[in-house]
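Results of the structural survey
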Amino acid sequence: MAATHGMPTRPTAPHSGARPPAAPAGPPLPRDAAEAISALVERGAGLHLDPAKTDFIAFRVGRRLRELGLADFHAYLARLEADASGAELRHLVEALTTHTTSFFREAHQYAWLDETGLDLLAETARGPLRVWSAAASIGAELWSTAILLAERAARGQGPTRWELLGTDVSARVLARAERAVYTEEEIAGLSPARRACYLMRARRFTDAGGRPLWRVVPELRAQARFARANLQDLSELPDFAADVVFLRNVLIYFAPAAQARVVEGVARRLRPGGILFTGHAEAIGPHPALAPLRPSIYRKV
Ligand SMILES: C[S@@+](CC[C@H](N)C(=O)[O-])C[C@H]1O[C@@H](n2cnc3c(N)ncnc32)[C@H](O)[C@@H]1O
C-alpha cells in the first residue's frame, strides 16, 4: 500500500483486531457511557475510538465488567471515577488496545536497515547502537531486530554493540515481550534457519495441547529491556538518544493532535542522523526534523 501524505488516516474500526460478535453478550452499552469511555481512553492514551462503535467497545470492556462482577457500564464508570490511582484506567486502555504484530513485519524495512540503514548510521555512530521499539506489543519487532543484528555480527558486520529497548502502554503485552515465549502461529514470520539459530523449544511453557512453545534464546533475551511508557506522555521515560526507532502501527489509533504530540516526543529522543520507521499507512507530514528517505522511513536531520 502506498504511503499517504500528511498524517495517517484512522481505520474505520479502531482497534478492532478481533472482530466482535454482532450481538455481544452482557449488558447493553448506552450511548452516554460509550462517549464517556471514548473520552477517557483518548485522554489517557490518545486512543481515538468512535463512540458509535458500541459493539466493539461493549465487547472489549464487557469482559472487564465481568471480571469485576459489575452489572452495567454506569457502575463501571463509577468505578473508574472512584479510582484515583489510575489503575482501572490502565485496565480500560488494555481492554481497548490492539496488539497485532509479527516477526519481521514489513520485512522490506528490516532489509533496508540491513543493506543501507546501518551503514548510514555507522557514519555518525558514537557508542552502542540504541534501538527503541516504541509500541512494542509482545516484542516481535524488537526480537526481529535482535536477530538481524546477531546475523550481521555472525557475518562480521557491525555494529558490534547494541542496546534494545521496548516500551508499550500495556503492561500485559510487555510481560509477554520480556518472557519471549511464542506459539507456532506467532513465529510464522521466522524461517526454519532463524528458528534453529535464535529460538529454542521452551519445555517449561506448553500450549493447550501440551506441546512446547518457542522461546527466544537467552543470549538474545539478555540484550533487551522493556518498560511501560505511554507515548502521549514520555516524561517518565529516562532521556536517551536512539539511533533507530520503530513507531509502527500505533499512530493510526490516535487523533491528529495526539499523533503530532507523539511524533514530537519520539523525534526528540532520536539522535541527529537517527532512523525512524513508521507503519506503511502512517506517513508523517512535513516535519522540520524528520526527512523522508523512503515511504515510512525517516532520518532525523
Ligand atoms: C498494533 S500494535 C503494533 C505493534 C508493533 N509496533 C508492530 O507494528 O507490529 C500497537 C501497540 O501500540 C500500543 N499502544 C497503543 N497506544 C499506546 C500509547 N499511547 N503508548 C504506547 N503504546 C501504545 C498497544 O498497546 C499495542 O501493543
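All values derive from a computational prediction rather than experimental measurement.

1. Side note on the nonpolar core
By size, the foremost hydrophobic cluster in this structure holds 50 residues, and its most contacted members are Ile37, Val61, Trp132, Leu231, Val245, Leu247 and Leu276. Broken down by secondary-structure element, the contributors of at least two residues to this core are α1 (31-45), α2 (54-68), α3 (73-82), α4 (87-96), β7 (242-247), α10 (256-268) and β8 (270-278). Each of domain 1 (31-96) and domain 2 (107-300) accounts for three or more of the residues forming this core. If we skip the residues at most four places from it in the chain, isoleucine 37 touches Leu29, Ile57, Val61, Phe73, Leu77, Leu92 and Leu96. One finds Trp112, Leu113, Ile138 and Trp143 within the second-largest nonpolar core, a separate group that totals 40 residues.

2. A look at the packing of aromatic side chains
Note on aromatic pairs: each is described by the distance of the centres and the angle between the planes. Applying the stated criterion across every chain yields a total of 7 aromatic pairs. Centre to centre, the rings of phenylalanine 246 and phenylalanine 277 are 5.0 Å apart; their planes meet at 20°, and the pair counts as stacked. Of this pair, phenylalanine 246 sits in strand β7 while phenylalanine 277 sits in strand β8, and the two are 31 residues apart along the sequence. Each member of the aromatic cluster is reached from another via a ring pair, and the members are Phe104, Tyr110, Trp112, Phe246 and Phe277. Note that arginine 195 overlies the ring of tryptophan 214, its terminal NZ or CZ placed 5.6 Å from the centroid.

3. Quick look at the site of the ligand
The immediate surroundings of the ligand are formed by 21 residues, with Thr101, Arg105, Ala135, Asp168 and Asn249 found nearest. In the model, an oxygen atom of the ligand is placed 2.5 Å from a nitrogen or oxygen of the threonine 101 side chain. Burial of the ligand by the protein chains amounts to 99% of its free accessible area of 600 Å². Looking at the shell around the ligand, its residues break down into 8 nonpolar, 9 polar and 4 charged.

4. Quick notes on the side chain of arginine 271
In this fold, arginine 271 is placed in strand β8. Side chain to side chain, arginine 271 and threonine 124 meet in a polar contact 2.7 Å long. Ignoring any residue separated from it by four or fewer positions in sequence, one finds arginine 271 in contact with Leu121, Thr124, Ala125, Ala241, Ala242, Asp243 and Lys300.

5. Examining the domain arrangement of the protein
Taken domain by domain, the protein consists of domain 1 (31-96) and domain 2 (107-300). Between domain 1 and domain 2, the C-alpha centre-to-centre distance is 29 Å. Here domain 1 meets domain 2 over a buried area of about 720 Å², counting both sides, of which 50% is carbon and sulfur. Ranking the residues of domain 1 by area buried against domain 2 places Ala45, Gly46 and Glu94 at the top, with a combined share of 53%. Here arginine 172 makes a salt bridge to glutamate 94, at a shortest N to O gap of 3.3 Å. At the surface where domain 1 touches domain 2, the tally comes to 5 residue pairs in polar contact (both at pLDDT 80 or more). Residue assignment for the side of domain 1 that touches domain 2 shows that the elements contributing at least two residues are α1 and α4. Here the residues of the side of domain 1 that touches domain 2 are counted per class, giving 3 nonpolar, 3 polar and 3 charged.

Rules of the game
Residues numbered from 1 in each chain as written. Predicted model: local features only at pLDDT ≥ 70, side-chain atom pairs only at ≥ 80, totals over all residues. Heavy atoms only, no water. Core = buried A, V, L, I, M, F, W, Y, C linked by side-chain atoms within 4.5 Å. Buried < 20%, exposed > 50% of the residue type's maximum accessible area, 1.4 Å probe, protein only. Helix = DSSP H or I, 4+ residues; strand = E, 2+ residues; numbered from the N terminus. Domains from an automatic or database assignment. Contact = heavy atoms within 4.5 Å. Phe/Tyr/Trp six-rings, centres within 6.5 Å; stacked < 30°, edge-to-face > 60°. Lys NZ or Arg CZ within 6 Å of the ring centre and 35° of its normal. Near = heavy atom within 4 Å. Polar contact = N/O pair within 3.5 Å; in protein donor to acceptor, adjacent residues only side chain to side chain. Areas by Shrake-Rupley, 256 points an atom, 1.4 Å probe, with all protein chains shown as cover. Nonpolar A, V, L, I, M, F, W, Y, C, P; charged D, E, K, R; others polar. Buried area = accessible area lost by both parts, 1.4 Å probe. Salt bridge = Lys/Arg side-chain N within 4 Å of Asp/Glu carboxyl O.

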